[in-house]
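Chain by chain, the residues:
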Amino acid sequence: MKAVLALVALATVLTFVGGVGWVSCRIAEATVARIFFQWMLVGAIGLTFAALAVALVVGIYHLYLYMFTDKRPLSLFETTNKNEP
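Student: Explain the overall build of the chain residue by residue, including any values.
Tutor: Broken down by element type, the chain carries two helices and two strands. Counting from the amino terminus, helix and strand elements in the chain follow one another as α-α-β-β. The burial tally for the chain puts 16% of its 85 residues in the buried class. Sequence-distant contacts in the chain: of pairs separated by 6 or more residues, those separated by 24 or more amount to 31%.

Following this line, the structure appears as structure tokens:
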């Protein structure tokens, strides 16, 4: 889950910097710089998608462990039997 948190943090920073930069360039009518910040926003959308995809895969794996095996997930790589405390 640290990977998901890192991706979300990076996407948040890119969204903030890209958004402020894009608006600033739009006000200043700096077209070339505005395109750079626009691509930064597109990158933030891609990172957000990657974080959601990783979280979905982990969630499906945990659902599989819970429903079809005798284990329950404690973290991404650690499991225990359902009957253990």
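Structure shown, so let's carry the discussion forward.
Student: Talk me through the packing of aromatic side chains; I want residue IDs and the actual numbers.
Tutor: For the structure shown, the criterion picks out two aromatic pairs. Between Phe36 and Phe37 the ring centres are 5.4 Å apart and the planes differ by 70 degrees, which places this aromatic pair in the edge-to-face class. For Phe36, a relative accessible area of 52% gives the class exposed. Between the aromatic rings of Tyr64 and Phe68, the centroid separation amounts to 6.0 Å while the plane-to-plane angle is 40 degrees, which identifies the pairing as tilted. In this pair, Tyr64 and Phe68 both sit in helix α2 (residues 31-68), four residues apart, roughly one turn of the helix.

Student: I'd like to hear about a nonpolar patch on the surface, residue by residue, with values.
Tutor: Together, Tyr61, Leu63, Tyr64, Tyr66, Met67 and Phe68 make up a nonpolar patch on the protein surface, roughly 700 Å² of accessible area in all. Among the secondary structure elements, Leu63 is positioned in helix α2. With a relative accessible area of 48%, Leu63 lands in the partly exposed category.

Student: How would you explain helix α1 (residues 2-28) if you had to name every residue and give the values?
Tutor: Between its terminal C-alpha atoms α1 stretches 38 Å, which fits the 39 Å expected from 27 residues at 1.5 Å a residue. What α1 keeps buried is the set Val4, Ala11, Gly18, Gly21 and Cys25. Contact partners of the buried residues in α1: α2. Phi turns positive, to about 60 degrees, at Glu29, one or two residues after α1.

Student: Go over unusual backbone geometry with me, naming the residues and quoting the values.
Tutor: Look at Glu29: it is not a glycine, yet its phi comes out positive at around 60 degrees. Looking at the element boundaries, Glu29 is found in the loop between α1 and α2. Residue Glu29 is classed as exposed on the basis of its relative accessible area, which comes to 70%.

Thresholds applied
- Residues numbered from 1 in each chain as written.
- Predicted model: local features only at pLDDT ≥ 70, side-chain atom pairs only at ≥ 80, totals over all residues.
- Heavy atoms only, no water.
- Helix = DSSP H or I, 4+ residues; strand = E, 2+ residues; numbered from the N terminus.
- Buried < 20%, exposed > 50% of the residue type's maximum accessible area, 1.4 Å probe, protein only.
- Contact = heavy atoms within 4.5 Å.
- Phe/Tyr/Trp six-rings, centres within 6.5 Å; stacked < 30°, edge-to-face > 60°.
- Patch = residues over 30% accessible without salt bridge, like charges linked within 9 Å, V, L, I, M, F, W, Y side chains within 5 Å.
- Areas by Shrake-Rupley, 256 points an atom, 1.4 Å probe, with all protein chains shown as cover.
- Salt bridge = Lys/Arg side-chain N within 4 Å of Asp/Glu carboxyl O.
- Expected span 1.5 Å × (residues − 1).

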